[in-house]
Amino acid sequence: MMQGGEIFMTTRGINGVVLVLREGDITKMQAEAIVNAANAALVGGGGVDGAIHQAAGPGLMAECRKIGGCPTGSAVATSAGNLPATYVFHAVGPIYQGRPEDETLLRGAYQCCLDLAEKHGAQSIVFPSLSTGAYGYPLTLAAPIALSTVIAHLQRPTCLRQVTFALLGHHAYTVFEQALERLLPL
Ligand code: AR6
């Protein structure tokens, strides 16, 4: 029986960088950069986007409005308002349609955030599972794409010391855990 308050977490070391899978709400997790699952117009919405804007306060939307938008498969940086972070990286994953481009765009969204982390010298970053809510990307397909993009990035020189995936609900956590076990068996 699971006890209330139990924290589900898995970690791996990659070239001295810690990769963490953690079940829970991304707005409750601490990192220098928090990744938002945004839309191309950067106008806010539900899911991660709603929770991040709610926790950050109205200044975040003002910054997004000034930027004006972000292509699918890419990401833009703002400050983090009231969140315990320095940056929010607003990443736009694809709306899943079962096309080969979906994977390229999903990889691109993760990679752009990793590149923004390098550009800003962020040592820690926390990702949600992009595109797997309102945008309908099947978790079992999205998890290995997300993880393999991060793992490949961490196999090269990086300023990152910790990369965390914040996974809402035990199902999402388990799917990521199984994908990680296949990519980096213990
Ligand atoms: N913390 C961590 N994960 C979460 C949280 C949270 N607080 N809330 C939801 N998830 P979604 P998308 C999970 O819909 O699919 C918005 O309206 C959720 O269970 O947030 O990229 C935007 O404005 C799912 O697995 O993002 C866009 O229009 C994953 O995070 C659109 O939705 C992503 O779900 C983006 O859709």
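Not measured: the values here are computed from a predicted model.

Rules used throughout
Residues numbered from 1 in each chain as written. Predicted model: local features only at pLDDT ≥ 70, side-chain atom pairs only at ≥ 80, totals over all residues. Near = placed C-beta within 6 Å. Helix = DSSP H or I, 4+ residues; strand = E, 2+ residues; numbered from the N terminus. Nonpolar A, V, L, I, M, F, W, Y, C, P; charged D, E, K, R; others polar. Pairing = 2+ DSSP bridges. Axes fitted to C-alpha atoms, helices over the stretch in contact; angles between N-to-C directions. Contact = placed C-beta atoms within 7 Å. Buried ≥ 20, exposed ≤ 12 C-beta atoms within 10 Å, placed from the backbone. Core = buried A, V, L, I, M, F, W, Y, C linked by C-beta atoms within 7 Å. Parallel < 35°, antiparallel > 145°, perpendicular 65-115°, else oblique. Left-handed = near helix turned anticlockwise from the far one by under 90°.

**What about the site of the ligand?**
Inference 1: In the vicinity of the ligand there are 25 residues, among which A37, G45, G47, G133 and L168 approach most closely.
Inference 2: When residues of the shell around the ligand are assigned to their parent elements, the largest contribution, four residues, is made by helix α1 (residues 47-56).
Inference 3: Taken together, the residues of the shell around the ligand sort by class into 12 nonpolar, 11 polar and two charged.

**Quick word on the sheet that holds strand β7 (residues 162-167)**
Inference 1: Reading across from one edge, β1-β2-β7-β6-β3-β5-β4 is the order of the seven strands in this open sheet, with mixed pairing throughout. Of all strands in the sheet, those with a lone pairing partner are β1 (9-14) and β4 (75-79), marking the two edges. Each adjacent strand pair in this sheet contributes to an overall mean axis angle of 20 degrees, direction not counted.
Inference 2: By the bridge criterion, two bridges tie strand β3 (residues 33-37) to strand β6 (residues 124-127) in an arrangement that is parallel. Paired with A33 across the two strands is I125, which belongs to β6.
Inference 3: The sheet contacts of helix α5 (residues 170-183) involve β1, β2 (17-23) and β7, and relative to β2 the element is tilted by about 145 degrees.

**Remarks on unusual backbone geometry**
Inference 1: With phi around 55 degrees, N15 is a residue other than glycine that occupies positive phi space.
Inference 2: Structurally, N15 can be placed in the loop between β1 and β2.
Inference 3: Here N15 falls in the exposed class, since 11 other C-beta atoms lie within 10 Å of it.
Inference 4: Phi is positive for L42, which is not a glycine, with a value near 55 degrees.
Inference 5: As for its position among the elements, L42 is in the loop between β3 and α1.

**Focus on the nonpolar core**
Inference 1: Membership of the largest hydrophobic core comes to 62 residues, with the highest contact counts inside it found for I34, A91, C113, I125 and F176.
Inference 2: At nine residues, the largest contribution of residues to this core is made by helix α3 (residues 100-120).
Inference 3: Those residues within four positions of C113 in sequence are excluded, and the remaining contacts are V35, A75, F89, A91, I125 and F127.

**With respect to the packing of helix α4 (residues 139-154) against α5**
When two helices pack together, their arrangement is given by the angle between their axes and by how far apart the axes lie.
Inference 1: Two numbers describe how α4 lies on α5: the axes approach to 9 Å, and their chain directions differ by 50 degrees. Classified by the angle their axes make, α4 and α5 are oblique. The two elements α4 and α5 meet at a crossing, and its hand is right-handed. From α4, L139, T140, A143, P144, L147, S148 and I151 reach across to α5, where they touch A172, V175, F176, A179, L180 and L183.
Inference 2: Looking at the contact of α4 with α5 residue by residue, the classes come out as 11 nonpolar, two polar and no charged.

**Points about the pairing of strand β5 (residues 87-91)**
Inference 1: Of all five residues in β5, five are buried, a share of seventy percent or more.
Inference 2: Going residue by residue along β5, you find Y87, F89 and A91 tucked away on one face and V88 and H90 tucked away on the opposite face as well.
Inference 3: As defined by bridge partners, β3 adjoins β5 across five bridges and the pair is classed as parallel. Its bridge partner being in β5, V35 is matched across the sheet by F89.
Inference 4: Inspection of the sheet shows β4 paired to β5 by five bridges, in the antiparallel sense. Paired with A77 across the strands is F89, a residue of β5.

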